[in-house]
Amino acid sequence: VRVSTVGQLTRNPISAFVGGVLSFTVTDLDVDRDAAVAETLSNAFQVSIRGQLTDQALTLVETGLSTGTFTASVTLTSGPNDPANSLLGPVFQGTFLTVRYTDEFPLNFAELRIPVFQKGTIEVNPSPAVDLATQGLTVTVTDNDLNLDTSVAEQMGAGGLVHVTNGLPPNVVDYESLLMMETGADTGVFT
């Protein structure tokens, strides 16, 4: 008698971004066929990038002896696909990845659809410390995901996406939410 389990597919972290590492885990106890060996899982796990004609097969490695949990990690790159170096590409902001695990017993599949984001950056000048009595402060946020309308210079922060505090917790003296304006149409740069 062969007992089957339905394979589960998860990812970490929740958000995928260009340049980031994305890890996948498949938990499927009936795939563990040899309790004395940490096995691999291949040909059942595919990652496809929307708009590309080929899928990338990943080999997942069991996390230990007889665990039934298999993992693999890739770095998302805007450069070419390079499976030998665990690079998955090319991916860009707005790209969707489809990750699919095909479970042979029972015949089933698990699938995730993952949007790819551009990771935002923040720059503060002058840095690291500012004497607000004598100096100004310039905050620049670069985040293409906030560029929602390519035809106009937008504003962000009405709800307070960027906060400046004076003092260190728990002794915060002042707390300000900044209204940030895009430097021009379709730049994704806000000051």
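Residues numbered from 1 in each chain as written. Predicted model: local features only at pLDDT ≥ 70, side-chain atom pairs only at ≥ 80, totals over all residues. Heavy atoms only, no water.

Caption draft 1: Molecular detail of the packing of aromatic side chains. A full pass over the atoms with the stated rule returns zero aromatic pairs. For Arg-113, the ring lying beneath its charged end belongs to Phe-96, and the centroid distance is 4.0 Å. (Phe/Tyr/Trp six-rings, centres within 6.5 Å; stacked < 30°, edge-to-face > 60°. Lys NZ or Arg CZ within 6 Å of the ring centre and 35° of its normal.)

Caption draft 2: Representation of the sheet that holds strand 6 (residues 55-57). The sheet built from five strands is open, its strands ordered 2-11-10-5-6 with mixed pairing. Single-partner strands in this sheet number two, and they are strand 2 (16-17) and strand 6. Pairing of strand 5 (residues 45-49) with strand 10 (residues 96-103), which is carried by five bridges, proceeds in the antiparallel orientation. Bridge pairing in strand 10 links Ser-48 to Thr-98. (Pairing = 2+ DSSP bridges. Helix = DSSP H or I, 4+ residues; strand = E, 2+ residues; numbered from the N terminus.)

Caption draft 3: Representation of the pairing of strand 5. Among the five residues of strand 5, four are classified as buried, and the element is accordingly described as predominantly covered. Summarising the sheet, strand 5 and strand 6 pair through three bridges and their orientation is antiparallel. The partner of Ser-48 across the bridge, within strand 6, is Asp-55. (Buried < 20%, exposed > 50% of the residue type's maximum accessible area, 1.4 Å probe, protein only.)

Caption draft 4: Structural view of the environment of Glu-123. Mapping Glu-123 onto the fold places it in strand 12 (residues 121-125). Overall, Glu-123 belongs to the partly exposed group, its relative accessible area being 45%. Separated by 18 residues in sequence, Glu-123 and Val-141 place their C-alpha atoms 6.5 Å apart. Those residues in contact with Glu-123, other than ones at most four positions away along the chain, are Thr-138, Val-139 and Thr-140. (Contact = heavy atoms within 4.5 Å.)

Any functional reading would require information that these geometric values do not contain.
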